[in-house]
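Listed below are the residues making up each chain.
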Amino acid sequence: MKTELKQYTVAELCDGFVYNELEEKGLYGLSGRLTIQPEYQRNYLYAEDNGKKEVAVIESVLKQYPLGLLYFNRLPDGRLEVLDGQQRITSLGRFLTDKFSVMSNELPYRFHALPKDQQTIIENATLLVYECEGTESEIKQWFQTINIVGIPLNAQEELNAVYSGPFVTKARSVFSNSRNANVQKWSAYVRGSVKRQEFLNTALNWVSHDQVEEYMQAHRHDTNIDELQSHFNDVIAWVESVFADCYNEMCGLKWGQLFDEYHNTPYDPKEMTAKAAQLMDDPYVKNRKGIFEYLLGGEKDTRLLDVRVFDDSTKRRVYRRQTEEAKRRGISNCPLCAMGHEARRTKIWTEKEMDADHVEAWSKGGATSEENCQMLCLTHNRAKGNK
Ligand SMILES: [Zn+2]
């Protein structure tokens, strides 16, 4: 790979700058010779957080601080692509085209409202650029390792870079687009940020059954994302059809996996919705995120709910009471052993050899209270298994 160090002024870099509001990215510079956001680049993030970062870029330039190195990739036809520095160039371009203001003497100024001498400082500020030329894989590998600016790439952003192509471009236009009206609806079930590719990552995860990289590799040159999109929509529509009410606890669950496992099971949505509401209100349920999988699975696996267990002092009191009575009657202090016919029939277990059990199972409405607590030997406790 060949590299060459060059110097450009801000005015040169931002000549011909266009900001695409719809896709939230800066497009071109250097009179059209530079592509600021090639398809493997990320969305523009510096405008987030009230634009703190993009304002900071302009303030640095006004104070004549260096902005750090930029990295461009030189294509065989002589055109250039930004490998690193996209966020900084977009900040500069957006400011030069009056997209935001900076404070000066406690007043906000857009670029063209600034005093001429300050405009000149910005336009003439120079940036150092490494221009490199190499094979696609060399460049992409390098792009993954430089990663030098403030916001490191996450795993999906890296995959987008590595498997860039028509598929990624199209997928991003749907799943990485905060102007997509569906995003709000999706965010009830999908956690994360659209711009950081977390919706795209979820959609890929669902369709590929957790084999995101393999899927991207296989579909890299596809010109449509039909399967990705329709699978994602199917999963969301399925959740909405089973549970009519939406809870915060539903956000970020492994809906893709639950869909794979249960979408062929018939459910009565009215009943599922009512049961979910009831469990959400149940003070014994410690893990409310587990409610949906518990219901979909036919209410068998109570571990998903992490039902509140008996505390130590309750267990001790019940152990003492049971043991005293057992000794008086000459039977085992495990009520199930006492009913049997083996030697254990009269065995007095130590407290450590026993554990608490719900007399009436929690799942059948039994409370986690002292009146509903009995101590069983560990063998019987495990055999009963319903805590
Ligand atoms: Zn027993």
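On a predicted model such as this, the values are computed, not experimentally measured, just so you know.

Parameters and conventions
- Residues numbered from 1 in each chain as written.
- Predicted model: local features only at pLDDT ≥ 70, side-chain atom pairs only at ≥ 80, totals over all residues.
- Heavy atoms only, no water.
- Helix = DSSP H or I, 4+ residues; strand = E, 2+ residues; numbered from the N terminus.
- Buried < 20%, exposed > 50% of the residue type's maximum accessible area, 1.4 Å probe, protein only.
- Contact = heavy atoms within 4.5 Å.
- Areas by Shrake-Rupley, 256 points an atom, 1.4 Å probe, with all protein chains shown as cover.
- Lys, Arg positive; Asp, Glu negative; His and termini not counted.
- Charge placed at Lys NZ, Arg CZ, Asp CG, Glu CD.
- Axes fitted to C-alpha atoms, helices over the stretch in contact; angles between N-to-C directions.
- Parallel < 35°, antiparallel > 145°, perpendicular 65-115°, else oblique.
- Nonpolar A, V, L, I, M, F, W, Y, C, P; charged D, E, K, R; others polar.
- Core = buried A, V, L, I, M, F, W, Y, C linked by side-chain atoms within 4.5 Å.
- Phe/Tyr/Trp six-rings, centres within 6.5 Å; stacked < 30°, edge-to-face > 60°.
- Lys NZ or Arg CZ within 6 Å of the ring centre and 35° of its normal.
- Donors = N, O, S within 2.8 Å, 3.2 Å for Na, K, Ca; no water.
- Tetrahedral: all angles 85-135°; square planar, octahedral: opposite > 155°, others 65-115°.
- Salt bridge = Lys/Arg side-chain N within 4 Å of Asp/Glu carboxyl O.
- Pairing = 2+ DSSP bridges.

**A closer look at the overall build of the protein chain**
- Helix and strand counts for the protein chain stand at 17 helices and 12 strands.
- With respect to the three principal axes, the spread of C-alpha positions in the protein chain is 100 × 50 × 40 Å.
- Burial analysis of the protein chain (387 residues in total) assigns 46% to the buried set.
- Counting contacts in the protein chain only where the partners sit at least 6 residues apart, residues at least 24 apart contribute 64% of the total.
- With an accessible surface of roughly 20,100 Å², the protein chain has 48% of that area assigned to carbon and sulfur atoms.
- Of the side-chain charges in the protein chain, 49 are positive and 57 negative, and the distance between the mean point of each set is 6 Å.

**Focus: the packing of helix H9 (residues 198-208) against helix H10 (residues 212-219)**
- In contact at an axis separation of 9 Å, H9 and H10 are set at 90° when each is read in the N-to-C sense. Between H9 and H10, the interaxial angle falls into the category roughly perpendicular. Here Asn201, Leu204, Asn205, Val207 and Ser208 of H9 come into contact with H10, specifically with Val212, Tyr215 and Met216.
- Its residues placed into classes, the contact of H9 with H10 shows 5 nonpolar, 3 polar and no charged.

**Quick word on the nonpolar core**
- Ranked by size, the top nonpolar core spans 50 residues in total, and within it Leu228, Trp238, Phe243, Trp255, Ile291, Phe292 and Leu296 carry the most contacts.
- Residue assignment for this core shows that the elements contributing at least two residues are helix H7 (166-175), helix H8 (183-186), H9, H10, helix H11 (226-242), helix H12 (255-262), helix H13 (269-280) and helix H14 (291-296).
- For this core, the element with the most residues is H11, which contributes 7 residues.
- Look past the residues within four positions of Leu228 in its chain and what remains in contact with it is Phe167, Ala171, Phe175, Leu200, Ala203, Leu204, Val207 and Tyr215.
- Core analysis: the next-biggest nonpolar cluster, separate from the first, contains 32 residues, Cys14, Leu80, Phe100 and Ile122 among them.

**Things to note about the packing of aromatic side chains**
- According to the stated counting rule, one finds 14 aromatic pairs in the structure shown.
- Ring geometry for Tyr189 against Trp255: centres 6.3 Å apart, planes inclined by 85°, an arrangement best described as edge-to-face. A residue pair is termed long-range when its members are at least 10 positions apart, and Tyr189 in the loop between H8 and H9 and Trp255 in helix H12 qualify at 66 residues. You'll find Tyr189 and Trp255 in the same group, each marked buried.
- Put simply, the rings of Tyr189, Phe243, Tyr247, Trp255 and Phe292 pair up and form one aromatic cluster.
- Taking NZ or CZ as reference, Arg94 lies 4.6 Å from the ring centre of Tyr19, over its face.
- Looking at Lys347, its charged tip hangs above the ring of Trp349, at a distance of 4.9 Å from the centre.

**Regarding helix H3 (residues 86-96)**
- Of all the 11 residues making up H3, 11 are buried; the element is thus mostly covered by neighbouring parts of the structure.
- A positive backbone phi angle near 60° is found at Asp98, which sits one or two residues after H3.

**Description of the coordination of the zinc ion**
- Taken together, Cys334 (SG), Cys337 (SG), Cys377 (SG) and His380 (ND1) make up the full set of protein donors to the zinc ion, lying 2.0 to 2.4 Å away.
- Each of the 4 donor atoms bound to the zinc ion contributes to angles spanning 97 to 115°, and the resulting shape is tetrahedral.

**Some thoughts on the pattern of salt bridges**
- Applying the stated criterion across every chain, the model contains 15 salt bridges.
- One salt bridge in this structure joins Arg94 and Glu54, with 2.9 Å as the shortest N-O distance. Within this pair, whereas Arg94 is found in helix H3, its partner Glu54 is found in helix H2 (residues 48-62), the two being separated by 40 residues in sequence. Both residues of the pair, Arg94 and Glu54, belong to the buried class.
- A salt bridge links Arg316 to Glu351, with the shortest nitrogen-to-oxygen separation between them at 3.6 Å. Of this pair, Arg316 sits in helix H15 (residues 312-329) while Glu351 is found in the loop between helix H16 (335-338) and strand S11 (354-358), placing the two residues 35 residues apart along the sequence.
- Residue Arg316 is classed as partly exposed on the basis of its relative accessible area of 39%.
- When its relative accessible area of 30% is taken as the criterion, Glu351 is described as partly exposed.
- Connected via shared salt-bridge partners are Glu4, Arg74, Glu131 and Glu133.

**Some remarks on the sheet that holds strand S10 (residues 126-133)**
- Taken in spatial order, the 6 strands line up as S1-S10-S6-S7-S5-S4 in an open sheet, and their pairing is mixed. The two strands at the open ends of the sheet, each matched to only one other strand, are strand S1 (2-9) and strand S4 (28-29).
- Strands strand S5 (34-35), strand S6 (70-74), strand S7 (80-84) and S10 of the sheet are contacted by H3, whose axis makes an angle of about 115° with S7.

**Here's the deal with unusual backbone geometry**
- The phi dihedral of Gln197 falls on the positive side, at around 70°, and the residue is not glycine.
- Mapped onto the elements, Gln197 comes out in the loop between H8 and H9.
- Accessibility expressed as a relative area gives 0% for Gln197, which makes it buried.
- Backbone geometry places Glu299, a non-glycine residue, at a positive phi of 60°.
- Within the secondary structure, Glu299 sits in the loop between H14 and H15.
- The exposure class of Glu299 is partly exposed, given its relative accessible area of 32%.

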